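For reference, the chains in residue letters:
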Amino acid sequence: RAGTFAGSILHHPHLATTCQVHFTIMALFKAVVLAAVVAVSMGATLFEENFDSDPFASDRWVVSKWKGSDMGSWAWTAGEWYADAEKNKGIQTTQDMKHHAAATKIPTPFSNVGKPLVLQFTAKNEKKEYSFCGGGYIKLLPTGTDLSNFGGDDKYHIMFGPDLCGYDVSRIHLIFRDNADKNLLKKDDIKLDYDDKNEFTHLYTLVLNPDKTFQVFFDNKEKASGSLFDGWDFAPKTIDDPSDTKPADWVDEAEIDDPTDTKPEGWDDIPETIADPDSSKPEEWDEDLDGEWEAAMIPNPDYKGEWKAKRIPNPAYKGEWKPKQIDNPDFVETIAEYPDIGAVGFELWTVNNGTIFDNILITDSLEEAQKAAEGVFAATVEGEKAAKEAWQKAKDEAAKKDAPPAAAAAQDSDDEEVVEEAEAADELKKDEL
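Every value quoted in this text rests on a predicted model; they were computed, and no experiment measured them. (Residues numbered from 1 in each chain as written. Predicted model: local features only at pLDDT ≥ 70, side-chain atom pairs only at ≥ 80, totals over all residues. Heavy atoms only, no water.)

Attention now moves to the overall build of the chain. A tally of regular secondary structure across the chain gives six helices and 23 strands. Within the chain, buried positions represent 34% of all 433 residues. In the chain, 73% of the contacts between residues at least 6 apart in sequence involve partners at least 24 apart. Working note: accessible area of the chain is about 25,600 Å², and carbon and sulfur atoms make up 52% of it. (Helix = DSSP H or I, 4+ residues; strand = E, 2+ residues; numbered from the N terminus. Buried < 20%, exposed > 50% of the residue type's maximum accessible area, 1.4 Å probe, protein only. Contact = heavy atoms within 4.5 Å. Areas by Shrake-Rupley, 256 points an atom, 1.4 Å probe, with all protein chains shown as cover.)

Right, let's get into unusual backbone geometry. In this structure, aspartate 59 takes a positive phi of about 60° despite not being glycine. Of note, aspartate 59 is situated in the loop between strand S1 (45–49) and strand S2 (62–63). Notably, aspartate 181 is not glycine yet its phi reads approximately 65°, a positive angle. Mapping aspartate 181 onto the fold places it in the loop between strand S10 (169–177) and strand S11 (183–185). With a relative accessible area of 45%, aspartate 181 lands in the partly exposed category.

Counted under the stated rule, the structure contains one disulfide. Each disulfide pairs two cysteine sulfurs, and for cysteine 133 the partner residue is cysteine 165, the sulfurs being separated by 2.0 Å. The sign of the S-S torsion, about -95°, decides the handedness of the disulfide formed by cysteine 133 and cysteine 165: left-handed. In this pair, cysteine 133 is assigned in strand S7 (residues 133–135) and cysteine 165 in strand S9 (residues 158–165), connecting sequence segments 32 residues apart. We classify cysteine 165 as partly exposed; its relative accessible area is 32%. (Disulfide = S-S within 2.5 Å.)

Moving on to the pattern of salt bridges. Tallied over the entire structure, the rule returns 20 salt bridges. A salt bridge links glutamate 49 to arginine 60; its shortest N-O distance comes to 3.0 Å. Within this pair, whereas glutamate 49 is found in strand S1, its partner arginine 60 is found in the loop between S1 and S2, the two being separated by eleven residues in sequence. Close ionic contact of arginine 171 with aspartate 163 constitutes a salt bridge, the shortest N to O distance being 3.0 Å. Beyond isolated ion pairs, a larger network of salt bridges with shared partners links Asp163, Arg171, Asp189 and Lys191. (Salt bridge = Lys/Arg side-chain N within 4 Å of Asp/Glu carboxyl O.)

Turning next to the packing of aromatic side chains. Centre-to-centre distance and the angle between the planes together describe a pair of aromatic rings. Taken as a whole and assessed by the stated rule, the structure comprises 14 aromatic pairs. On the numbers, 5.4 Å between centres and 50° between planes, the contact of phenylalanine 51 with tryptophan 61 is tilted. In this pair, phenylalanine 51 is assigned in the loop between S1 and S2 and tryptophan 61 in the loop between S1 and S2, connecting sequence segments ten residues apart. Where phenylalanine 176 meets tryptophan 232, the ring centres are 5.1 Å apart and the plane angle is 75°; that geometry is what we call edge-to-face. Separated by 56 residues along the polypeptide, phenylalanine 176 in strand S10 and tryptophan 232 in the loop between helix H3 (228–231) and strand S16 (238–240) bring together distant segments of the chain. Across the pair, exposure class does not vary: phenylalanine 176 and tryptophan 232 are buried alike. (Phe/Tyr/Trp six-rings, centres within 6.5 Å; stacked < 30°, edge-to-face > 60°.)

Let us look at the nonpolar core. Formed by 57 residues in total, the largest nonpolar core has its most connected members in Ile158, Phe160, Leu174, Phe176 and Phe346. Beyond its immediate sequence surroundings of up to four residues, phenylalanine 346 is in contact with Trp61, Trp74, Ile91, His100, Ala101, Ala102, Phe121, Tyr137, Ile138, Phe150, Phe357 and Ile360. Val207, Phe217, Leu361 and Ala369 belong to the second largest nonpolar core, which has five residues in total. (Core = buried A, V, L, I, M, F, W, Y, C linked by side-chain atoms within 4.5 Å.)

Turning our attention to the pairing of strand S8 (residues 138–141). Burial along S8 is two-sided: the residues Ile138 and Leu140 and Lys139 and Leu141 are all buried. For S8 and S9, the ladder comprises three bridges, and the chain directions are antiparallel. Within S9, the position partnered with leucine 140 by the bridge is isoleucine 158. Pairing analysis gives four bridges linking S8 to strand S22 (residues 341–350), with the strands arranged antiparallel. Along S22, the bridge assignment pairs leucine 140 with valine 344. (Pairing = 2+ DSSP bridges.)

What follows concerns helix H5 (residues 366–402). For H5, which comprises 37 residues, the first-to-last C-alpha distance of 51 Å matches the rise-based estimate of 54 Å (1.5 Å per residue) to within 8%. Maximum bend of H5: about 45°, positioned at glutamate 374. Glu368, Ala369, Ala373, Phe377, Thr380, Glu384, Ala387 and Lys388 are the residues of H5 that are buried. Its side-chain oxygen 3.3 Å from the backbone nitrogen of glutamate 367, serine 365 forms the N-cap of H5. (Expected span 1.5 Å × (residues − 1). Bend = angle between axes of the 7 residues up to and from the residue. Polar contact = N/O pair within 3.5 Å; in protein donor to acceptor, adjacent residues only side chain to side chain.)

What follows is about the environment of glycine 383. When you line up the elements, glycine 383 lands in helix H5. Along the sequence, glycine 383 and aspartate 84 sit 299 residues apart, while their C-alpha atoms lie 8.0 Å from each other.

Let's shift gears to the environment of glutamate 272. Within the element layout of this structure, glutamate 272 appears in the loop between strand S17 (255–257) and strand S18 (273–275). The exposure class assigned to glutamate 272 is exposed, which follows from its relative accessible area of 52%. Expressed as a C-alpha distance, the spacing of glutamate 272 and asparagine 300, which sit 28 residues apart in the sequence, is 5.5 Å.

Okay, here's the thing in structure tokens:
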């Protein structure tokens, strides 16, 4: 049949032209479908900021004047040590005990209604030593936010990121604004482990799904997941019926005393303490002067305590009483749906400065976020520890050159003591945690 079809095309040129057009259309159709499949699998990049150029020189990022002189300044830098001087550039807080706020508009505002939202960024607490206190959370903001005065009083959709202070506070914040404009904090903390709290770059990823479930990743490892209705005080679908009351004859005692069990005879005659049989009156004891001698008392090994009847299942038990459930008039299914996400920013109270933020990505695909992290985060992590060690070594050597010989020798001794004390303190904290 194929030969017959080919022969027909040769004898009918117009048929050949028609087939060519048909095959071309089919090829184009397949190409469009393939492109669509690739686009869906890769997801859409809704916002990306890697701070490859100075974000403040062109006012791409706006530094807030919210609290006037109480506002700290920002720097565009890779810090004092880094794996790559250019790729690791981000925006860094520079002053202790200051508010730091900076934000930028999202070129094309977007909505997360009906689709996943993935928010990802890195934070490096470069100046963290044995204790560090400072927030590191990012905020998604509505269009129209006054970025020049952006601050803690402004409405936001989502707040997400690390919150560290000493050894007592170490968590990942995740706050959603509900339909009544209330900011809902997660009911239980997303804890950071001891080894998570260091001076190196870490990756924070939030996944918010249309079915009202979420995931939080730290360095690509899941830290928390579940339902928004369970983790936050969003209005539940049903509530207790306030008119429903427990029946008077409801039995909610699961166990009762065994009526057939009786106290053994002589149980109460056994004393709790007895005279120590190994105790003896001292030879120098004088009853006229010291009074009548009494042996020391010790716990009685035969004492069994207060007698209690055995417990048995209560045949009349009806279970724990719960009121009937009724529809909650305040319930809405459209929680954590934000049709107008138009800006992104950091608004922080900084006790200790030095945090560098970088690699901000907002997308609708976790796969895309993970691929982006592979390109930057993995290389950064691999190179940072060596860079820190080299920087510290060069710094120590420079300090020795500038110091008098006697002072340099004393410094070596002091450095050893400081290191030993720090290591001991570190081990103690690990034991405590």
